[in-house]
Structures are given as structure tokens and as C-alpha cells.
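Below are the chains, spelled out letter by letter.
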Amino acid sequence: MKKSSDGFGTLQEQDLIHIRHHSLFEPGVFQKYPALLDVYTKNGMGMNCRENMAGLSGHEESLKWPVIKGPGFCGATNPGAGKSFNGIMTGICRPVYNSDCLYINPGLRIFAVSDSPGITALSRNLFKEMDRRLSDGSIDDLERIIDELGRGMGPNEQATLALICFREKGLNGKDLDAGVFLAGDSSVYKGNVYEEQLSRVNGPDHFWGTSHPDFAPERVSVKEGDFFIIVSDGITALHQHGCGRGIEDLLHAYVKKDPENFAFNVTTACNSVRRNSWNGRDKTSLGGFDDITCLLVFPHQLAEIEHRSYIFGGTPW
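Residues numbered from 1 in each chain as written. Predicted model: local features only at pLDDT ≥ 70, side-chain atom pairs only at ≥ 80, totals over all residues. Heavy atoms only, no water.

**With respect to the sheet that holds strand β9 (residues 187-192)**
The seven strands are arranged β2-β3-β4-β15-β12-β9-β10 in an open sheet whose pairing can be described as antiparallel. Edge positions in the sheet fall to β2 (18-23) and β10 (198-200), since each of these pairs with one other strand and no more. The average angle at which neighbouring strand axes cross in this sheet is 15°, direction not considered. With six bridges connecting them, β2 and strand β3 (residues 64-70) associate as antiparallel partners. The residue bridging H21 from the neighbouring strand is P66, located in β3. (Pairing = 2+ DSSP bridges. Helix = DSSP H or I, 4+ residues; strand = E, 2+ residues; numbered from the N terminus. Axes fitted to C-alpha atoms, helices over the stretch in contact; angles between N-to-C directions.)

Dropping the structure here:
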């Protein structure tokens, strides 16, 4: 029977799918880097700011982000440490939210990321409805479902979509192709463990829900050793460690170094403390000024498991 959950599944699935939650703020980070508070204390932001500073240690323990790993894939979604820290300190908006949403259904070999504008659960609701319509365990209507969901969105509800669905195209179970649905500025990259390159899969730049006559997937052939990366635009925070390298080179380096922990390592790097100089002044800040979602899939390593979906993110705290 199909289920949808943010937790573990059957006993058999527990041996295959692992979900761990990690602190948004590294414990002790504000004691270790007191300069993170300078911009708030020096600007005299008043009593509310001081009260928010006093509660930071509690946020270190309470705010978590998920990492999911299974045969052939790993993924994570995160509200952005820098963005969340600023929201907590200033109180100018809901302090912590993640509009990114991560969808994983290893049984149907569907992997997706969506990023909706503002503080909204739109992307999560779209994935929940897509998942409901896929409840019969068939992907034959996936293209129609995605198109119908897009046409049902209002003019101010457009979201990104980067979705890959892998299908068998031969009788031996090893020949695969990928249908890649792309809308907006979430991205898909394709690489191969035997080749020193990572390239972006191109698609239309309009958003999911924008009026359009057709939303057909890009068909991508898959050969042995291929892997795919899906990311939201918050991944640009990696540039703080880039030394001028492009995002493809940075992502590829993380795959080569530790593919099993790719999602955790990339997300942690995006949120790490950074120091730089601006107009002759040193500045210490937390990375992650946007929601961050990343996913790595090795299609030939995916296992035959129960049709079960996992949806993370897309909700305010």
C-alpha cells in the first residue's frame, strides 16, 4: 500500500531509506563568532533585537533541516541560515520559512524540486496533489498531471519546477532514459563518473503555472555511470567557497569527493560562516540568504522498493 510521510516507512524500507535532521545553526556558532551580531548591535536596533539575541541558543537546538539518503540518491532542503538569522534578529517577517520543496518517490523513480515565491506552502501543495494523482503507482499520466497542475495555478502563484522521472526503455532493466521537466530557475545538471564534466540540462525559462501551450519534458538518454543533480537557486551560496569557479565545477567537486554525503556537505557549505571585506571593513556573516535545496541521483543505483513518497520543505515554521 502506498504511503506519504516525512518519516520512516516499513521495516524493510528502514534498511534502505535514512532520514536525519540537523541543526540550522551550528551549536555554539554565535559564541564562536560574536561578530555575527555586530550589524545588529552597532545599528542600535532596540529592545526587540536584544531579546531576540537572548533566544538564539534556543534556536540552535530547535531549528532543524532534513537530509534523506537511499540507494542511488541523497537530498536535502534548508531555509537558509543567513536568511533565517536575519529574520529572527529583525522580526521584519516570519523569522524562519522554507518555500523550497523537495519531492522524492524512489519507487516511481521521480525526483523533484520546486521553489515558490515568498512565504508560501504553494510548492508543497503542488507536490502533494501530484503525489495524490500518482497514487495508482503509474507514471503514464505524469506529463498530463504536471500540465494540468500548471494550468490550475493563479497569475501570482507561479513556481519553479525541476523534475526527473527515470524509465526503463529496454527489457533488461538496465537501459534507462530520463524525462526532465524544467520551469523557472531551479536547475538540473548531468554528469558521469567516468568523465570530468558536468553540464546543465537546458529547458524553458518560464515558471510552472505561466500560460503556455505545452510543457513537454526534455528526453535525456542515460548511460552507465551517469548522475543527475537538481538544485534550487539558493545553491549560488556555494560561490563564497568558489575561488572564481563556476557552479558546475563546484557541484562536480562535491560529487567526486563524497557522493553519499553530497546533499549534507553542499548544504552545510552554503550555510557556513564567511568573512570578507567591504569598503575597508571586515564583515562576518552566515551564508544561506535564500532557501537551499539539492539532490543527487545515480539512476542505475536506484533500488526496486515500494511506491512511497517523501515531501520535505514548503512550510513556514
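Right, picking up where we left off after that structure.
**As for the confidence of the model for the chain**
Scored by pLDDT, the chain has a mean of 86; 85% of the residues are at 70 or more. In the model, residues 1-13 has pLDDT below 50 throughout and makes 36 contacts with residues more than four positions away in sequence or in other chains. (pLDDT = per-residue confidence, 0-100. Contact = heavy atoms within 4.5 Å.)

**Looking at the pairing of strand β15 (residues 292-297)**
Of all six residues making up β15, six are buried, and the element is well covered by its neighbours. Direction of pairing for strand β4 (residues 73-78) relative to β15: antiparallel, over a ladder of six bridges. The residue of β15 that forms the bridge with N78 is I292. Note: strand β12 (residues 226-231) against β15, four bridges, orientation antiparallel. Of the residues in β15, the one forming a bridge with V231 is C294. (Buried < 20%, exposed > 50% of the residue type's maximum accessible area, 1.4 Å probe, protein only.)

**What about the packing of aromatic side chains?**
With the rule as written, the count across this model stands at ten aromatic pairs. An angle of 45° between the planes, with centres 6.4 Å apart, marks the rings of F127 and W208 as tilted. With F127 in helix α7 (residues 122-133) and W208 in the loop between β10 and β11 (218-222), the pair connects residues that are 81 residues apart, well separated along the chain. Just as F127 is buried, W208 falls in that class too. Here the aromatic cluster, defined as three or more aromatic residues joined through ring pairs, consists of F73, F111, F166 and F228. (Phe/Tyr/Trp six-rings, centres within 6.5 Å; stacked < 30°, edge-to-face > 60°.)

**Points about the nonpolar core**
Judged by nonpolar contacts, the single largest core of 41 residues is most densely connected at F25, F85, I229, I235, L238, L251 and F262. Top element by residues in this core is helix α10 (residues 262-270). It accounts for five residues. Sequence-distant contacts of F25, defined by excluding residues within four places in its chain, comprise F30, H59, E60, L63, A81, S84, F85, I88 and L286. One finds L102, I104, I164 and L302 within the second-largest nonpolar core, a separate group that totals 27 residues. (Core = buried A, V, L, I, M, F, W, Y, C linked by side-chain atoms within 4.5 Å.)

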